[in-house]
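Each chain, written out:
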Amino acid sequence: MNMLLDLQKKLLPDLVEVMGLRYRVLRYIRLMQPIGRRTLAASLEMSERVLRAEVTFLKDQGLVEFHTTGMLLTEEGQMLLGQLEAVMKEVFDTRTIEEELQKRLDVEEVHVVPGDSDEFSWVKKELGRSAVSVMKRKLLPDNNVIAVTGGTSIAAVAEMLVPDADLKEALFVPARGGLGEQVENQANTICSTMARKAMGSYRLLHVPDQLSQEAFDSLISEPNVQSVLKLIHAATMVVHGIGDARTMAERRDTAPDVLKKLEDGNAVAEAFGYYFDADGGIVHKVTTIGLQLEELTTIPAIIAVAGGSSKADAIEACMKRAPGQVLVTDEGAARRILNRG
């Protein structure tokens, strides 16, 4: 396969380019269907004239259907796209990037989707879809408890979930409290969305993300909180995001003295309420109810989902602190990490 692709790149470069273009078109239709031609052209930064020719070809091949609501992939289109993904990893050298990043970060697995989610919003949907595939593969035979954090990347994972026989038996729980953030990005909201889309069940944790020590001591003894915490600590899988330290601190209306502490400590990343410097050292810890960093070592599957070239520092710092995870990221972040040498 590799030799054939290398020969095609040298002798028929236009063929590889056209295949890559049609792959991008099919992939975006799958993510956004039903979608109109004008919206698709704008999203892919193509002229409508060029796109019209491509989607007409795809329709003639039985891969795309035109409806009044927009374009959709046919069943054959879905199957072809699934088969094409493995080939395109070789065409775009994504497989090599995954292997190099896995070695550099010392993690169990790395999955890289094409594009940069800082530039194109649809790439985040691809992150979500890839993460869902990993989740299904990492499920235990039974008694799955899936703990999820908040954030836009994990919200994208929830969006890409569909009813599944295995996930239907899973229990979804928030990994930590989340009241105070935007509702759609809260762990509770994402948890319930995942359960609804996967036809599973869920429990919620109605506590703020940041607490004073006094509030923590009071809430931790509440029976309802204790019952949910027991489930969270029994998690068999964790799906979490990775935040930029400054962005996360500002989103939480962090006190000025803590902001200065983060700045003085050169914090670059945040996960599970911990702020890390570039070497993975803990700069600051938020008092929060839920999973703690040291508890992750006992959980069978930990999936980190984060992308965008701007997240490169945060991803690398977080992976240094918690190696052995599965990382789902995008090409923008992966190349930025690797290009630093």
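As the structure is a computational prediction, the values presented were derived from the model and not from experiment.

Caption draft 1: Spatial organisation of the side chain of Glu109. Among the structural elements, Glu109 can be located in strand S3 (residues 109-113). We classify Glu109 as buried; its relative accessible area is 16%. A distance of 3.1 Å separates polar atoms of two side chains, one belonging to Glu109 and the other to Lys138. Contact partners of Glu109, with chain neighbours within four places excluded, come to Gln102, Arg137, Lys138, Gln325, Val326 and Leu327.

Caption draft 2: Main features of the UniProt feature "domain: CggR N-terminal DNA binding" (unreviewed entry) in the chain. Here, the residues flagged by UniProt with the feature "domain: CggR N-terminal DNA binding" (unreviewed entry) are residues 18-88. This span, residues 18-88, is 69% helix and 11% strand, and a straight line between its end C-alpha atoms measures 12 Å.

Caption draft 3: Structural view of the environment of Ile299. Within the secondary structure, Ile299 sits in the loop between strand S11 (282-285) and strand S12 (301-305). Sequence separation between Ile299 and Val238 is 61 residues, and the spatial gap between their C-alpha atoms is 7.6 Å. If we ignore the near neighbours within four places in the chain, the residues touching Ile299 are Ala235, Thr236, Met237, Val238 and Leu291.

Caption draft 4: Layout of the packing of helix H8 (residues 152-160) against helix H9 (residues 187-198). Where H8 meets H9, the closest approach of the two axes is 8 Å, and the angle between their N-to-C directions is 15°. Taken together, the axes of H8 and H9 are roughly parallel relative to one another. In this structure, the crossing between H8 and H9 has a hand that is left-handed. Across from Ile154, Ala155, Val157, Ala158 and Glu159 in H8, the residues of H9 making contact are Ile190, Thr193, Met194 and Lys197.

Caption draft 5: Expanded view of the sheet that holds strand S13 (residues 326-330). With parallel pairing, the seven strands of this open sheet are ordered in space as S3-S13-S12-S7-S4-S5-S6. Only two strands of the sheet have a single neighbouring strand rather than two, namely S3 and strand S6 (201-202). Both strand S5 (residues 171-174) and S6 contribute to a ladder of two bridges, which runs parallel. Considered in S6, the bridge of Leu171 is made with Ser201. Of the strands in this sheet, strand S4 (145-148), S5 and S6 touch H9, which is tilted by about 170° from S5. In the packing of helix H15 (residues 331-339) onto the sheet, the strands contacted are S3 and S13, and the crossing angle to S13 comes to about 100°.

Caption draft 6: Molecular detail of the packing of aromatic side chains. The final tally for this structure, using the stated rule, is three aromatic pairs. Measuring from centroid to centroid gives 6.4 Å for Tyr274 and Phe276, while their planes differ by 5°, and the two rings are stacked. Judged by relative accessible area, Tyr274 falls into the buried class, the value being 4%. Among the aromatic residues, ring-to-ring pairing joins Tyr28, Phe120 and Trp122 into one connected group. The ring of Phe57 is capped by Arg22, whose NZ or CZ atom sits 3.8 Å from the centre of that ring. A cation sits over an aromatic face here: Lys59 above Phe66, 5.8 Å from the ring centre.

Caption draft 7: Main features of the sheet that holds S11. Spatial strand order, S8-S9-S10-S11: four strands in an open sheet with antiparallel pairing. The open sheet terminates on both sides in strands that have one partner only, identified here as strand S8 (243-244) and S11. Across four bridges, strand S9 (residues 267-271) lies against strand S10 (residues 274-277) in antiparallel orientation. Paired with Ala271 across the bridge in S10 is Tyr274. Against the sheet, helix H13 (residues 256-264) touches S9, S10 and S11, its axis set at about 165° to S11.

Criteria and cut-off values
- Counting of residues starts from 1 at the beginning of each chain's written sequence and follows it residue by residue.
- With pLDDT at 70 or above as the cut-off, local features in this predicted model cover only qualifying residues; side-chain atom pairs require 80 or more to be listed or tallied, and sums for whole chains, interfaces and linings still use all residues.
- Computation of side-chain values: all heavy atoms of the structure, hydrogens and water removed.
- Secondary structure elements are defined from DSSP: runs of H or I of at least 4 residues count as helices, runs of E of at least 2 residues count as strands, and each element is numbered from the N terminus.
- Residue exposure (1.4 Å probe, protein chains only): buried if accessible area is under 20% of the type maximum, exposed if over 50%, otherwise partly exposed.
- Here a polar contact is recorded for every N or O atom pair within 3.5 Å, except that within protein the pair must consist of a potential hydrogen donor and a potential acceptor, and residues adjacent in sequence are included only if both atoms are side-chain atoms.
- Contacts were defined at the residue level, with two residues in contact if any of their heavy atoms lie within 4.5 Å.
- UniProt positions are given in the numbering used here, feature names are shortened, and annotations may be inferred rather than shown by experiment.
- Note on geometry: axes are C-alpha line fits, over the in-contact stretch for helices, and angles between N-to-C directions span 0 to 180 degrees.
- Roughly parallel refers to an angle under 35 degrees, roughly antiparallel to one over 145, roughly perpendicular to one between 65 and 115, and oblique to any angle outside these ranges.
- With the far helix as reference, a near helix turned anticlockwise by less than a right angle produces a left-handed crossing, and one turned clockwise produces a right-handed crossing.
- Each pair of strands is called paired provided DSSP finds at least two bridges between the two strands.
- Aromatic rings from Phe, Tyr and Trp, taking only the six-membered ring of Trp, are treated as a pair when their centres fall within 6.5 Å; an angle between ring planes under 30 degrees marks them as stacked, one over 60 as edge-to-face, and anything in between as tilted.
- Distance and angle both matter: a charge sits over a ring if NZ of Lys or CZ of Arg is within 6 Å of the ring centre and within 35 degrees of the ring normal.

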